[in-house]
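# Structural overview for review
Letter by letter, the chains look like this.
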Amino acid sequence: MTIADRSANDNPSEKFAMGKSMKRREDPRFLTGQGNYIDDINLPGQLYMALVHSPYPHANILSIDSSAAMQIPGVIAVVTAKELAAHGVGRLPTFHGFDTQMVLADGKVLFQNQEVAFVVAEDRYIAADAAELVEVDYEPLPAVVTPQQAKTDQTIIRADREQQTNHIFNWSVGQQEETEQALAASDHVVKQHIVYQRVHAAPLEPCGCVANFDAMGRLKFYVTSQTPHVYRTALFLVTGIPEDKIQVIAPDIGGGFGNKVPVYPGYICAIAGALVIGRPVKWIETRTENLTSSFARDYHMDIELGATGSYDVPTAFASVDAYFTNKMPGGIAYRCSFRVTEAAYCIERAMDILADDLKIDPVELRRRNFIQPEQFPYQSPLSFTYDSGDYERTMDVALERVGYQDLLKEQAEKRARRADGHRHQHLYGSDRGRAVQELRHPGHQDVRRRRDSHSPQRRWHHPHRHQVAGAGARDHLGADRGRGTGPGPQQFSGGRGRHRHRPLRPGHLCQPQYPGGGRGTGAGGPQDPRKGPKDRRAPAGSR
């Protein structure tokens, strides 16, 4: 076949990835055990680090005694905020730019499981045991665990700030006056306070890093990062190491979902340990640490919607207030970004409430208010441009897939039975549950019910068990590459996570992170049964 013949037979559509199923190119490597995760990286002379965490969500630190930990053979160093400051390690920048965050708690802890000190040792188990022997004397303070509490300012969390308030900022977008006028003129308005429950990404692989300096003072930093370019800039701001002497290497990552966007204190501690001791330092986060001292967030939202709908909207206004609480810092996106998660939930919940008030099928209400295909590109009232979409067709496919009409029939029958005094079947084992399973896993209808030997509750079990770490960057890059000329998406191949000479440009990351008193679980969060923080001087019963 000649080049001309081959070109004539090429299908132009194969060069475009959008709207097509993409094959995962990394699976053969993972399935044959050739993945390269952060804990697979081991360097000559490597040391191990463990963190000391606070058992309190809010407390003053009166003293830290590391003498017992230092007596354990194999322990190299115990470092606190005082030692970090002596070596010129500054505070962590936050992406929103309003504040900074402590690397190690200095004089006060602001959330449960906050990092207070770290231990470097020859073995990770020695480091973990030594961390339990670091004695911290705490003076517990009242904890603020909800934004409603924070708004009262009865307990000021950040007394070090010039503004003596828990309020961080107000951000608004849209047309406030026009929106208020439109709502006043609406025939029907619904109002509701809704809560976007606290979520945590909980990736399969926790965070971790390996820090190593060469003889020329250059840092090679292996880290579970979703944003290596930002990491390099942040590390420069905290440590003072010039960016051209920092190489960030992101190996394979066992799930991220936004959890591996922030620059966590453990990363800075590992770098500081490697710099001072002169040997590579590895830190691998425990599951407890990931759940209690990395980011999580929740939202309290007051919505107001006019009967004209929430899709093809003539005007809209949004106002956001952020407050410090004694939860672990939050603010980084969970699963894409704010507009995809919380905002989508807010809009769809409002549509359901409106449909219920108007006694209209929620599907029909959406159908009446969808942006039509001929309206694209569509300029939203909040200044976003939607390039394309066929929402009604997408909804129709989903409705057909789940058997919507059958579900409505099932719903009516069960409501009738309930009205007659019969106990209705729980959704967990209903036909609707099977329909949802079919929507999530098309073609996998072999779902069977069995009774758990440890529980009388009936459970549905799917025989096809699988796990996916998340969409690979190569897939996304291939999809973008496939939109233009040149190789098709399946031909795309990229680097293996090394980021050294590419400069950080605006737009690489435009999402906020809140400092110290803004994230996580409050008092009473789970503790690792073996490696949890220990407070030997805390008064009895104070936990």
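Residues numbered from 1 in each chain as written. Predicted model: local features only at pLDDT ≥ 70, side-chain atom pairs only at ≥ 80, totals over all residues. Heavy atoms only, no water.

## Some words on the overall build of the protein
- A tally of regular secondary structure across the protein gives 16 helices and 21 strands.
- For the protein, the residues scored as buried account for 43% of the 543 residues in total.
- For the protein, the share of sequence-separated contacts (at least 6 apart) that also reach a separation of at least 24 residues comes to 81%.
- Summed over its atoms, the accessible surface of the protein is roughly 29500 Å², and 51% of this surface lies on carbon and sulfur atoms. (Helix = DSSP H or I, 4+ residues; strand = E, 2+ residues; numbered from the N terminus. Buried < 20%, exposed > 50% of the residue type's maximum accessible area, 1.4 Å probe, protein only. Contact = heavy atoms within 4.5 Å. Areas by Shrake-Rupley, 256 points an atom, 1.4 Å probe, with all protein chains shown as cover.)

## Comments concerning the packing of aromatic side chains
- Using the criterion set out here, one finds 10 aromatic pairs in the structure.
- Pairwise contacts between aromatic rings join Phe221, Tyr231, Tyr264, Tyr267 and Trp283 into one cluster. (Phe/Tyr/Trp six-rings, centres within 6.5 Å; stacked < 30°, edge-to-face > 60°.)

## Thoughts on the pattern of salt bridges
- Tallied over the entire structure, the rule returns 21 salt bridges.
- Here Asp39 ties to Arg124 by a salt bridge, and the two come within 2.9 Å at their closest N and O atoms. With Asp39 in the loop between helix H2 (27-31) and strand E1 (47-53) and Arg124 in helix H5 (residues 124-133), the pair connects residues that are 85 residues apart, well separated along the chain.
- Each of the salt bridges in this network shares a partner with another, and the network as a whole consists of Asp99, Arg158, Asp160 and Arg161. (Salt bridge = Lys/Arg side-chain N within 4 Å of Asp/Glu carboxyl O.)

## Here's the deal with the sheet that holds strand E8 (residues 135-140)
- What the three strands build is an open sheet, ordered E6-E2-E8; its pairing is antiparallel. Both outer strands of the open sheet, strand E6 (108-109) and E8, are each paired with one neighbouring strand and no more. (Pairing = 2+ DSSP bridges.)

## A word on H5
- Listing the buried residues of H5 in full gives Ala127, Ala128, Ala130, Ala131 and Glu132.
- Looking at the buried side of H5, the elements it contacts are E1, helix H3 (67-70), strand E3 (75-80) and strand E7 (115-121).
- You can read the cap of H5 off the contacts: a side-chain oxygen lies 2.7 Å from the backbone nitrogen of Tyr125, and it is on Asp123. (Polar contact = N/O pair within 3.5 Å; in protein donor to acceptor, adjacent residues only side chain to side chain.)

## Some remarks on the nonpolar core
- If you look at the biggest cluster of nonpolar residues, it comprises 39 residues, and the most contacted ones within it are Met49, Phe118, Leu219, Phe221 and Tyr267.
- What Phe221 contacts, discounting residues up to four positions off in sequence, is Cys209, Val210, Ala211, Tyr231, Leu235, Gln247, Val248, Ile249, Tyr267 and Ile271.
- Listed in part, the 20 residues of the second largest apolar core include Ala50, Ala69, Ala130 and Tyr138. (Core = buried A, V, L, I, M, F, W, Y, C linked by side-chain atoms within 4.5 Å.)

## Brief notes about the packing of helix H11 (residues 342-358) against helix H12 (residues 362-369)
- Interaxial distance between H11 and H12 falls to 9 Å at its minimum, and their mutual angle equals 115°. Taken together, the axes of H11 and H12 are roughly perpendicular relative to one another. As H11 packs across H12, the resulting crossing turns out to be right-handed. Packed against H11, whose contacting residues are Glu348, Met351, Asp352, Leu354 and Ala355, the element H12 presents Pro362, Leu365, Arg366 and Asn369 at the interface. (Axes fitted to C-alpha atoms, helices over the stretch in contact; angles between N-to-C directions. Parallel < 35°, antiparallel > 145°, perpendicular 65-115°, else oblique. Left-handed = near helix turned anticlockwise from the far one by under 90°.)

## Re the confidence of the model for the protein
- Looking at the protein as a whole, its pLDDT mean stands at 79, while 71% of the residues score no less than 70.
- Residue range residues 424-430 is modelled with pLDDT below 50. Its contacts to residues more than four positions away, or to other chains, number 17 contacts.
- Between residues 499-543, whose pLDDT stays under 50, and residues either more than four places distant or in other chains, the model counts 148 contacts. (pLDDT = per-residue confidence, 0-100.)

## Considering a nonpolar patch on the surface
- Nonpolar side chains collect at one region of the surface, where Phe384, Tyr386 and Tyr391 lie side by side and expose about 260 Å² of accessible area between them.
- Following the sequence through the fold, Tyr386 ends up in strand E18 (residues 385-386).
- On the basis of relative accessible area, Tyr386 is assigned to the partly exposed category, the value being 33%. (Patch = residues over 30% accessible without salt bridge, like charges linked within 9 Å, V, L, I, M, F, W, Y side chains within 5 Å.)

## Some remarks on the packing of H12 against helix H13 (residues 391-402)
- Two numbers describe how H12 lies on H13: the axes approach to 10 Å, and their chain directions differ by 160°. By the angle between their axes, H12 is roughly antiparallel relative to H13. The crossing of H12 and H13 is left-handed. Along the contact surface, H12 presents Val363, Arg366 and Arg367, while H13 presents Glu392, Met395, Asp396 and Leu399.
- Residue classes in the contact of H12 with H13 are distributed as three nonpolar, no polar and four charged. (Nonpolar A, V, L, I, M, F, W, Y, C, P; charged D, E, K, R; others polar.)

## Structural notes on the state of the cysteines
- In the structure shown here, the tally under the stated rule is zero disulfides.
- As a non-bridged cysteine, Cys209 has Cys269 as the owner of its nearest cysteine sulfur, 9.1 Å distant. (Disulfide = S-S within 2.5 Å.)

## Here's the deal with helix H14 (residues 404-419)
- End to end, H14 covers 22 Å across 16 residues, agreeing with the expected 22 Å (1.5 Å per residue, within 8%).
- What H14 keeps buried is the set Tyr404, Leu407, Glu410 and Lys414. Buried residues of H14, seen end-on, are gathered within an arc of 110° and therefore sit on one face of the element. Along H14, the residues that are exposed and aim more than 90 degrees away from the buried face are Gln405, Lys409 and Ala419. (Expected span 1.5 Å × (residues − 1). Arc of directions from axis to C-beta.)

## Focus: unusual backbone geometry
- Omega for the bond connecting Phe376 with Pro377 falls within 30 degrees of zero, at -5°, which places this linkage in the cis form.
- Within the chain, Asn113 stands out as a residue other than glycine whose phi angle is a positive 75°.
- Mapped onto the elements, Asn113 comes out in the loop between E6 and E7.
- When its relative accessible area of 1% is taken as the criterion, Asn113 is described as buried.

## Brief notes about the side chain of Thr233
- Of note, Thr233 is situated in helix H8 (residues 228-239).
- Reaching out from Thr233, the side chain makes a polar contact with the side chain of Glu243 at a distance of 3.2 Å.

## Considerations on the environment of Leu141
- Here Leu141 is to be found in the loop between E8 and helix H6 (147-152).
- C-alpha separation for the pair Leu141 and Asn60, spaced 81 residues apart in sequence, amounts to 7.2 Å.
- Here Leu141 is in contact with His58, Ala59, Asn60 and Lys108, once residues within four sequence places are set aside.

## Remarks on the environment of Val116
- For Val116, the location among the structural elements is in strand E7.
- Looking at Val116, the relative accessible area reads 0%, which means it is buried.
- Linking Val116 and Val79, residues 37 residues apart in sequence, is a C-alpha distance of 9.0 Å.
- Filtering out sequence-adjacent residues up to four positions away, Val116 remains in contact with Val52, His53, Ser54, Ile61, Ile64, Thr80, Ala81, Leu104, Ala105, Val109, Val136 and Tyr138.

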